[in-house]
Amino acid sequence: MDEVRLRDAVASLGDGAEAQHLEAKVAEFVKSGDQVGLTELADQIEMKDGDFLGSLATIPNSQQIGLSMGPCHHANIAIRLIAMSISDGTPPVIRNGVIMIDGTEVDNTFAESMHRCESIARLPKRARQIGSSCAMTGDCDDDPDLATPQ
């Protein structure tokens, strides 16, 4: 990935409203069982961001890039990975209307990053449709990945 495309990808991923939009789309497709729509979305993400997402570990200066990213970047990366993962067959679970992916932290990383992104970017706060709000509320009982063992 050349430096110009890398800068464009990082700039694009800084858009918190885009992460909110993708959260709504992924949640809509999962809750309605629209695998075709989800697959089409994942294909669009792969086409637009696949080079960047697939080469994060091999990009020169990745530490510098990582340090320059804020919560909106992290939310955008996480929601894209979630869409592609579910599209590839990772089963989502819906608890109290919230989509989670058991055995991973990516859903919670998204929720926490999106919460921070909304605060910093002064976006309207939306109820999370994907990922536990455990980190923000302390109520982790609905997520087996974060719940305290009894």
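Look a little higher up for the structure.
Calculation notes
- Residues numbered from 1 in each chain as written.
- Predicted model: local features only at pLDDT ≥ 70, side-chain atom pairs only at ≥ 80, totals over all residues.
- Heavy atoms only, no water.
- Helix = DSSP H or I, 4+ residues; strand = E, 2+ residues; numbered from the N terminus.
- Buried < 20%, exposed > 50% of the residue type's maximum accessible area, 1.4 Å probe, protein only.
- Areas by Shrake-Rupley, 256 points an atom, 1.4 Å probe, with all protein chains shown as cover.
- Polar contact = N/O pair within 3.5 Å; in protein donor to acceptor, adjacent residues only side chain to side chain.
- Contact = heavy atoms within 4.5 Å.
- Patch = residues over 30% accessible without salt bridge, like charges linked within 9 Å, V, L, I, M, F, W, Y side chains within 5 Å.
- Salt bridge = Lys/Arg side-chain N within 4 Å of Asp/Glu carboxyl O.
- Lys, Arg positive; Asp, Glu negative; His and termini not counted.
- Charge placed at Lys NZ, Arg CZ, Asp CG, Glu CD.
- Expected span 1.5 Å × (residues − 1).
- Arc of directions from axis to C-beta.
- Core = buried A, V, L, I, M, F, W, Y, C linked by side-chain atoms within 4.5 Å.

Student: Which parts of the structure should I look at to understand the overall build of the chain?
Tutor: Scanning the chain from terminus to terminus reveals seven helices and two strands. The 150 residues of the chain split such that 40% are buried. As displayed, the chain has an accessible area near 8200 Å², and 52% of this comes from carbon and sulfur atoms.

Student: Would you take a moment to explain the side chain of Glu 118 for this structure?
Tutor: Position of Glu 118 among the secondary structure elements: in helix H6 (residues 106-120). With a relative accessible area of 1%, Glu 118 lands in the buried category. At a separation of 3.1 Å, a polar atom in the side chain of Glu 118 contacts the side chain of Arg 128. Glu 118 has contacts with Gln 20, Leu 123, Pro 124, Lys 125, Arg 126 and Arg 128, leaving out every residue within four places of it along the chain.

Student: Before we go on, may I ask you to explain a negative patch on the surface in this structure?
Tutor: Residues Glu 40, Asp 43, Glu 46 and Asp 88 make up a contiguous surface patch of negative charge. Looking at where Asp 88 falls in the secondary structure, it is placed in the loop between helix H5 (71-87) and strand E1 (93-95).

Student: I would appreciate a short explanation of H6 in the present structure.
Tutor: Given 3.6 residues per turn, any residue in an α-helix points the same way as the ones three and four places further on. Taking 1.5 Å per residue as the helical rise, H6 with its 15 residues ought to reach 21 Å, and the 21 Å between its terminal C-alpha atoms agrees with that figure. Looking at H6, one finds that the buried residues are Asp 107, Asn 108, Phe 110, Ala 111, Ser 113, Met 114, Cys 117 and Glu 118. The elements touched by buried residues of H6 are helix H2 (16-32), H5, strand E2 (98-100) and helix H7 (134-137). Residue Arg 122 follows H6 closely and has a positive phi angle near 55°.

Student: Just checking my understanding: could you explain the side chain of Ser 113 for this structure?
Tutor: Along the chain, the position of Ser 113 falls in helix H6. Judged by its relative accessible area of 9%, Ser 113 falls in the buried class. When residues no more than four places from it in sequence are discounted, the contact partners of Ser 113 are Pro 71, His 74 and Ala 75.

Student: Would you take a moment to explain helix H1 (residues 3-12) for this structure?
Tutor: Every buried residue of H1 is accounted for by Leu 6, Ala 9 and Val 10. Taken end-on, H1 shows its buried residues confined to a sector of 95°, consistent with a single buried face. Turned more than 90 degrees off the buried face of H1, the exposed positions are Val 4, Arg 7 and Ala 11.

Student: In this structure, what is going on with the nonpolar core? I would like to understand it.
Tutor: Across soluble globular proteins, nonpolar side chains have a tendency to be buried as a group. Counting residues in hydrophobic clusters, the biggest one holds 34 residues, and the most contacted among them are Val 26, Phe 52, Ile 82, Phe 110 and Ile 130. Mapped by element, the contributors of at least two residues to this core are H1, H2, helix H3 (35-54), H5 and H6. No other element matches the nine residues that H5 contributes to this core. Beyond its immediate chain neighbours, meaning those up to four positions away, Phe 110 contacts Ala 19, Glu 23, Ala 75, Ala 78, Ile 79, Ile 82, Arg 128 and Ile 130.

Student: How should I be thinking about the pattern of salt bridges in this particular structure?
Tutor: Proximity of charged atoms lets side chains of opposite charge pair with each other. Applying the stated criterion to the full structure yields seven salt bridges. With a closest N to O distance of 2.8 Å, Glu 23 and Arg 128 form a salt bridge. Note that Glu 23 is positioned in helix H2 and Arg 128 in the loop between H6 and H7, a separation of 105 residues in sequence. Arg 128 matches Glu 23 in its accessibility class, with the two residues each being buried. One salt bridge in this structure joins Glu 118 and Arg 128, with 3.1 Å as the shortest N-O distance.

Any functional reading would require information beyond the geometric quantities listed.
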